[in-house]
Structure formats: C-alpha cells, structure tokens
Amino acid sequence: MEKQNMAAILGISEPVFQAGERLEQELLPRFLEFDKTAEQNQWKVLYAMQKNRVSESCFQYATGYGYNDDGRDTLERVYADTFHTEAALVRPQITCGTHSLALALSANLRPGDELLSPVGKPYDTLEEVIGIRPSKGSLAEYGITYRQVELKPDGFFDYPAIAQAIREETKLVTIQRSKGYQTRPSYSVAQIGELIAFIKKIKPDVICMVDNCYGEFVETLEPSDVGADMVVGSLIKNPGGGLAPAGGYIAGKKELIENCGYRLTSPGLGLEVGASLGVMQSFYQGFFLAPVVVCSALKGAVFAANLYERLGYPVIPNGRESRHDIIQAVELGTPEGVIAFCQGIQSAAPVDSFVTPVPWAMPGYDSDVIMAAGAFVQGSSIELSADGPIKPPYAVYFQGGLTWPSAKLGILKSLESLVNAGIITPEKLKEL
Ligand SMILES: *Cc1c(COP(=O)(O)O)cnc(C)c1O
C-alpha cells in the first residue's frame, strides 16, 4: 500500500500530508545530526554492556531479599560506565523521578545542612520534597534548610548572587537540566559544567547533583562528564527506552550512591538487598534502545517546532535552536487550540487511540489540564504525550515518541485536528 493511502486511512488529509513531507525533507540535515549523536550514545551503551559481560543470566529473576542479584548489580555497573561514574543505583523500587530525586537528597543531607538551587525554582513536585510548600516528610521537617538563587532575566545563571548564597552550611547544590514546564531555557551539558566549576571553586566539597530528567542521551556528554557528583532520573523517561515498566536511577560517586542505598532500603543493608523481580530484561533492553528512542523524540520535537513556528505560533525552543532536552512547548493561544492539539496526539497513539481526552481538574494543578497519553506504560513521557494547562498562554508541552514515524504521525494528526476544528484554515496550510 502506498504511503499516501495509508496516511488517508489514518485520517491525514492530502494538504497536511504534503506539508509534512516538505518539512521533513528540509529537516534532513538536522535529523542527521541527531542520528550521529544517537550513534555515539548507542556505542557508549554497547561498550558498557560488553565491558560488564552482560549475559542471558543477567535477565534471571531474583525474589525475596534479592541477595546476589547479579543482573541488578551488573546493570548498575552498566549505568555507571555509561555515565562515567563510580557507582549507580538502578531499581524498580524507585517509583519515579521525584522519588529518585527525593532519595538522592534525603540520603546525602543531614539536619543543619543547606540545599541550594542556583537555577531558580525547581520542578513542581520537588517543592513538597524540599518543603517549599509545607508537606509531610519534607526535608524541612528534618531540619534541612533551602535557598534558591533566581535566574537572570535571560534565564541564565546569576554568578555573583550564587557566590553570595554559598555558605558554610551549603552541603548540596541541585541543578535542573531541563526547563520542565517552565519558560526558562534548558541548559546544555557545557553550561552545567561551567556552573559546577564555578561552585566547586568557591566550595570544593559541596555535592553537585543534576536533575537529569528528559536530558539523557540528548547530547554525547552527560552532566557527570563535566563534574556532577550525582545525576538523577526516571526510567519512564529517556533511559528506560520505553521498555522499563517503572523505576529510577542515580549515578555518581561511590560514597553518595551507598548513602542512597542505605536510605532506599535500610541502614546496614544498603545496596545488598532489593530483588529485581523480573524487570531486568526490560531495563537492559530499554537502556540499549534509549539513545535511538531519544533521537526519535528529538526529531519529533524539532518537526513540531518548525511546523507550528511556520504557522505563526510561538514555540519554545524555536525551530533552529540546539536541543538540551526532549520537551517542546507550542503556544496555541486559546483553550480550543490546546484541546484540539492534544486530541490529535491521542488519536495517533498505539494504545487508547479511540479515547477523546478532555480537560479536568487534576490534583496538584491550579487550572484544568488536558493530557494526551496513549502509552504502553502509565504516565510514560518518553512515549508520545502532550499536556496542556487550560490557562494563558494556552501552551501545550509535548514530548516523546518511541519511533520517529509514530511521532511524525502524532504531530500531523495534531495539525489535522486543528484544521478540522477550524483553528487553522486551509489557506494557512498552503503557506507551509
Ligand atoms: C519528570 C521530571 C521530574 C519528576 O519525575 P516524575 O517521574 O514525574 O516524578 C523531575 N524533574 C524534572 C525536570 C522532570 O522533567
């Protein structure tokens, strides 16, 4: 069957399909750059797997205490070698990215210590972990204080203010690589390296932690290559490659990772226990695929950025900027636009494509939110997904795509949905 016929069967009209084809042609040089990054990262992961002699026995199932769970221990060495760190903790018992971050912080801070964010406000869920918003079990309840240095108006680091904020009590510095759902820029690994060097010059023994969510494998270096003592993330984002059914990781200095082990399980037990419960094959295979999956997501992000930019919508990052994470924001400007976009994304999914998402009052949000997620793994945002708070500037945040063709279909369907809703006119489409 011809590609064009298949597009029609999937609900893509001829003008939308052709606009997509033209844009894809133009973007090929950019896509090749992403392919080259994926190649380097793929070989890095492969080398780590070969070096650690990954074998079929690594996929065996450990239960109970999980003593001598070789598959688990070997995978942790594969992560450590990929991130070029002394050690790593990679476990299904870590429930999500927030949990990984909370674990890394609570394991390495003690009462009287201060946590510093030199990059402004952290990710929403961390506000409760830290106790910026009072919360049961927060670091604040354990006598750990917090300070943050606001970013300059251009979204970059205010070095003099950071120098002033570093004090005797400053034990750990947390740096968020991805902008998440804020409007500041995401930081390159090189920029993070500069920031860490600056901080370490002032206080060499301070622990520098990077929230690496959405950033893994976007560049050929990771923050741990430029001085970060710990990098932290979620396995239902980039490094899980879409196959990990749950989990989180922390990679870094041996002593810090051991502290995380004592906190995750128990003092005295640490990393020795924690059965891998049969998820190891998906962890290995997902990590193996992750560089190419991230590459697909990047192609989708750049394709969407260029498409919507040409239609006159503000997009962050813009169509030409270098990429430091996989998130793409598109400001549609109206509630109807946000809804149509998300419904289009949902209709392109492999799972729940027949479901029509609608805005609802999600706990923890101050406005209704619409979410498109036709995912194999609940909440997985390395899979094609989009969410939009129904409030000005009416932006959608879009990310993921396990394969480039599926990401492309999702974006074309979002456009088709906006055309069908009368938000984008057929004349406008011709300009693409
Ligand atoms: C997703 C994310 C988190 C939290 O991860 P969850 O898995 O949703 O708990 C933290 N920081 C950043 C930058 C993120 O993108």
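Reference entry: report on the structure contained in this document. (Residues numbered from 1 in each chain as written. Predicted model: local features only at pLDDT ≥ 70, side-chain atom pairs only at ≥ 80, totals over all residues. Heavy atoms only, no water.)

So, on to the packing of helix α4 (residues 97–108) against helix α8 (residues 254–264). α8 packs onto α4 with a crossing angle of 105° between their chain directions and a minimal axis gap of 8 Å. It follows from the interaxial angle that α4 and α8 lie roughly perpendicular. Along its contact with α4, which presents His99, Leu103, Ala104, Ser106, Ala107 and Asn108, the element α8 presents Leu256, Asn259, Cys260, Arg263 and Leu264. Split into classes, the residues belonging to the contact of α4 with α8 amount to 6 nonpolar, 4 polar and 1 charged. (Axes fitted to C-alpha atoms, helices over the stretch in contact; angles between N-to-C directions. Helix = DSSP H or I, 4+ residues; strand = E, 2+ residues; numbered from the N terminus. Parallel < 35°, antiparallel > 145°, perpendicular 65-115°, else oblique. Contact = heavy atoms within 4.5 Å. Nonpolar A, V, L, I, M, F, W, Y, C, P; charged D, E, K, R; others polar.)

By the largest-angle criterion, Leu28 marks the main kink of helix α2 (residues 14–51), which is about 55°, and a proline, Pro29, follows within four residues. Backbone geometry just after α2 places Arg53 at a positive phi near 50°. (Bend = angle between axes of the 7 residues up to and from the residue.)

Within the structure shown, the criterion is met by 19 aromatic pairs. Ring geometry for Tyr79 and Phe83: centres 6.0 Å apart, planes at 35°, overall tilted. Separated by 4 residues within a single helix, Tyr79 and Phe83 lie in helix α3 (residues 70–83), roughly one turn from each other. For the pair formed by Tyr79 and Phe83, the shared burial category is buried. Ring centres of Phe156 and Tyr187 lie 5.7 Å apart, and the angle between their planes is 55°; this geometry places the pair in the tilted category. Within this pair, whereas Phe156 is found in the loop between β3 (145–148) and α6 (159–165), its partner Tyr187 is found in the loop between β4 (170–176) and α7 (189–202), the two being separated by 31 residues in sequence. Grouping aromatic residues by their ring pairs yields a cluster made of Tyr79, Phe83, Phe217, Tyr249 and Phe287. One cation-aromatic arrangement involves Lys237 over Tyr214; the distance from NZ or CZ to the ring centre is 4.2 Å. (Phe/Tyr/Trp six-rings, centres within 6.5 Å; stacked < 30°, edge-to-face > 60°. Buried < 20%, exposed > 50% of the residue type's maximum accessible area, 1.4 Å probe, protein only. Lys NZ or Arg CZ within 6 Å of the ring centre and 35° of its normal.)

It is worth spelling out the pattern of salt bridges at this point. Following the criterion strictly, the structure yields 23 salt bridges and no others. The residue Lys299 makes a salt bridge to Asp35 at a minimum N-O spacing of 2.8 Å. Separated by 264 residues along the polypeptide, Lys299 in helix α9 (residues 280–310) and Asp35 in helix α2 bring together distant segments of the chain. On the basis of relative accessible area, Lys299 is assigned to the buried category, the value being 11%. Between Glu431 and Lys428 there is a salt bridge whose closest N-O contact spans 3.5 Å. Residue Lys428 is classed as partly exposed on the basis of its relative accessible area of 29%. A single network of salt bridges, built from pairs that share partners, joins Lys121, Asp124, Glu127, Glu128 and Arg133. (Salt bridge = Lys/Arg side-chain N within 4 Å of Asp/Glu carboxyl O.)

Glancing now at the sheet that holds β3. Taken in spatial order, the 7 strands make up an open sheet running β1-β7-β6-β5-β4-β2-β3, and their pairing is mixed. Edge strands, defined here as strands with exactly one partner in the open sheet, are β1 (87–91) and β3. In this sheet, neighbouring strand axes are inclined to one another by 20° on average, regardless of whether the strands run parallel or antiparallel. Pairing of strand β2 (residues 114–117) with β3, which is carried by 4 bridges, proceeds in the parallel orientation. Pairing of Leu116 across the sheet is with Arg147, part of β3. (Pairing = 2+ DSSP bridges.)

What follows covers the site of the ligand. Neighbouring the ligand are Cys96, Gly97, Thr98, Leu101, Tyr123, Gln176, Asp211, Cys213, Tyr214, Ser234 and Lys237. The side chain of Thr98 places a nitrogen or oxygen atom 2.6 Å from an oxygen atom of the ligand. Here an oxygen atom of the ligand sits 2.9 Å away from a polar atom, N or O, in the side chain of Lys237. The fraction of the free accessible surface of the ligand (380 Å²) that becomes covered by protein chains is 89%. (Near = heavy atom within 4 Å. Polar contact = N/O pair within 3.5 Å; in protein donor to acceptor, adjacent residues only side chain to side chain. Areas by Shrake-Rupley, 256 points an atom, 1.4 Å probe, with all protein chains shown as cover.)

The pairing of strand β8 (residues 315–316) with strand β9 (residues 328–331) spans 2 bridges and is antiparallel. Within β9, the residue paired with Val315 across the bridge is Val330. Judged from the 4 bridges that link them, β9 and strand β12 (residues 395–399) form a sheet pairing that is antiparallel. Looking across to β12, one finds that Val330 is bridged to Val396.

A few words now on the pairing of β12. The side chains of a regular strand alternate, first on one face of the sheet and then on the other. Burial of β12 is extensive: 5 of the 5 residues sit out of reach of the surface. Pairing geometry for strand β11 (residues 385–389) and β12, over 3 bridges, is antiparallel. Residue pairing across strands places Ser385 opposite Gln399, the latter belonging to β12. Remark: 5 residues form the turn of the hairpin made by β11 and β12, two consecutive strands paired antiparallel; Tyr394 in that turn has positive phi of roughly 55°.

Overall, antiparallel pairing links the 5 strands, which are arranged β8-β9-β12-β11-β10 in an open sheet. Each of the sheet's edge strands pairs with one partner strand only, and the pair in question is β8 and β10 (369–373). Relative to β11, β10 is paired through 5 bridges, and the arrangement is antiparallel. For Ile370, the partnering residue across the bridge sits in β11 and is Gly388.

None of this, on its own, says anything about what the molecule does.
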